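The lines below spell out each chain.
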Amino acid sequence: MVAAIELYLDTDATRRIRALWHALEAEGIPTLASLLNERHRPHLSLAAAHRLAPDAVAEALRDLDVGRGLALELDFVGQFVGRVLWLGATVTEELLAHHRAVHERLTAAGVEVWDHYRPGRWVPHCTVSMRVPNPLMGHAIRRCLEILPVRATVTGAAVTDHANDIAHPLGHGRPADDVSR
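Residues numbered from 1 in each chain as written. Predicted model: local features only at pLDDT ≥ 70, side-chain atom pairs only at ≥ 80, totals over all residues. Heavy atoms only, no water.

## Some points on helix H1 (residues 11-26)
- The terminal C-alpha atoms of H1, which comprises 16 residues, lie 22 Å apart, in line with the 22 Å expected from a rise of 1.5 Å per residue.
- Listed as buried for H1 are Ala13, Thr14, Ile17, Arg18, Leu20, Trp21 and Leu24. Looking straight down H1, one finds its buried side chains confined to an arc of 155 degrees; they lie on one side. For H1, the exposed residues lying more than 90 degrees away from the buried face are Arg15 and Ala26.
- Contacts made by the buried residues of H1 are with strand S1 (3-9), strand S3 (71-80), strand S4 (84-89), strand S5 (125-129), helix H4 (137-147) and strand S6 (150-161).
- Capping the start of H1, Asp10 holds a side-chain oxygen 3.1 Å from the backbone nitrogen of Asp12, two or three residues further along.
- After H1 finishes, the residue Gly28 shows a positive phi value of roughly 85 degrees. (Helix = DSSP H or I, 4+ residues; strand = E, 2+ residues; numbered from the N terminus. Expected span 1.5 Å × (residues − 1). Buried < 20%, exposed > 50% of the residue type's maximum accessible area, 1.4 Å probe, protein only. Arc of directions from axis to C-beta. Contact = heavy atoms within 4.5 Å. Polar contact = N/O pair within 3.5 Å; in protein donor to acceptor, adjacent residues only side chain to side chain.)

Below you can see the structure in the form of structure tokens.
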């Protein structure tokens, strides 16, 4: 299981990334579009862990409008070990400060997250695929580069655990309505 605090993107960015997902799927490259019965939507994760108690996270972040209004620039493609392909968000002072504020509140509330999502180690990214077949990686990277840059505004956030059908809204507003697949 994986639980996360996800930041959701505006309608235009969401549609562009979903179009990328569907193009890659049509070419035999599995993406988040088909993972867990299409429960995923384009997002950046601020934190992740095996489990996150939605109520505890919401309480820790109670007075913080999580991510809403942050401007993001997805300008490059990256790969993590294990054939994970992603679109990278350019690091800005505003993004790092917001990330740090979220983690300070989580730490103060005793909410445990994976180390590689903590300030100083976090790589802000929007996952495209969790398992690109090795022979198709070069093609998948080229396909990703074709849609860049993607400018986005964060419209909402939630604590999610897609395997357990959890999507608990965070912040003063609710996550933006899911854009049709």
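## What to know about the state of the cysteines
- Within the structure shown, the criterion is met by zero disulfides.
- Its sulfur unpaired, Cys126 is 9.5 Å from the next cysteine sulfur, which belongs to Cys144. (Disulfide = S-S within 2.5 Å.)

## Here we look at the environment of Gly110
- Tracing the backbone shows Gly110 in the loop between helix H3 (93-108) and S5.
- The class of Gly110 is exposed, set by a relative accessible area of 51%.
- Residues Gly110 and Ala26, spaced 84 residues apart in sequence, show a C-alpha to C-alpha distance of 43 Å.

## Describing the packing of aromatic side chains
- One pass over the structure, following the stated rule, counts two aromatic pairs.
- Considering the side-chain rings of Phe76 and Trp86, the 6.0 Å spacing of their centres and the 75 degrees angle between planes classify their relative orientation as edge-to-face. Here the residue Phe76 occupies a position in strand S3, and Trp86 occupies one in strand S4, the gap between them amounting to 10 residues.
- When its relative accessible area of 7% is taken as the criterion, Trp86 is described as buried.
- Clustering of aromatic rings is evident, with ring pairs tying together Phe76, Phe80 and Trp86. (Phe/Tyr/Trp six-rings, centres within 6.5 Å; stacked < 30°, edge-to-face > 60°.)

On their own, these measurements won't tell you what the molecule is for.
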